[in-house]
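Structural overview
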Amino acid sequence: MARGVYTNKAAQSVAEFRGEAEPAPVVAEKGKSGRPSKGEVHKISLSIPVELYEGVEFGSYFFRGNITAYINNLIRRDLERNLDKYREFKKMMEEFNKDL
């Protein structure tokens, strides 16, 4: 625990109200600690087969060992190449299900 002389908050408030003590200095709040945010995210749980995991670890070395960054990069590349195909397929499936 931190060592130091602490004043009772209630006693300090009463003293400030009576004018017997100077108000406590306003302490600026610290900013958030930890890693900086890369924007809004949707967290999911992901299962990777054991036989692929070693390869995922090796691939993540190109992203400073960050497996999440590696997987996000793979998904981004796939969507850049195939998103239009995926949308067409979704549209076909919706039309097929509508006809049933």
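Residues numbered from 1 in each chain as written. Predicted model: local features only at pLDDT ≥ 70, side-chain atom pairs only at ≥ 80, totals over all residues. Heavy atoms only, no water.

1. Observations concerning the overall build of the protein chain
Looking only at helices and strands, the protein chain features three helices and zero strands. Reading the protein chain from its N end, one meets helices and strands in the order α-α-α. (Helix = DSSP H or I, 4+ residues; strand = E, 2+ residues; numbered from the N terminus.)

2. Comments concerning the confidence of the model for the protein chain
Per-residue confidence for the protein chain averages 85 on the pLDDT scale, and 86% of its residues sit at or above 70. Within the protein chain, the lowest mean pLDDT, 78, falls on helix H1 (residues 9–18), and the highest, 95, falls on helix H2 (residues 50–60). (pLDDT = per-residue confidence, 0-100.)

3. Some points on the pattern of salt bridges
A full pass over the atoms with the stated rule returns one salt bridge. The shortest N-O distance in the salt bridge between Glu94 and Lys90 comes to 3.9 Å. Note that Glu94 and Lys90 are positioned in helix H3 (residues 67–99) at a spacing of four residues, about one turn of the helix. (Salt bridge = Lys/Arg side-chain N within 4 Å of Asp/Glu carboxyl O.)

4. Examining the side chain of Ser60
Within the secondary structure layout, Ser60 lies in helix H2. When its relative accessible area of 2% is taken as the criterion, Ser60 is described as buried. If near-sequence neighbours (up to four positions away) are discounted, Ser60 is found in contact with Gly65, Asn66, Ile67 and Tyr70. (Buried < 20%, exposed > 50% of the residue type's maximum accessible area, 1.4 Å probe, protein only. Contact = heavy atoms within 4.5 Å.)

5. A few points about unusual backbone geometry
Positive phi, normally seen in glycine, also occurs at Arg64, with a value near 55°. Assignment of secondary structure puts Arg64 in the loop between H2 and H3.

6. With respect to the packing of aromatic side chains
Following the criterion strictly, the structure yields two aromatic pairs and no others. Aromatic side chains Phe58 and Tyr61 sit 6.0 Å apart centroid to centroid with 50° between the ring planes, which places their arrangement in the tilted category. What makes Tyr61 exposed here is its relative accessible area of 57%. (Phe/Tyr/Trp six-rings, centres within 6.5 Å; stacked < 30°, edge-to-face > 60°.)

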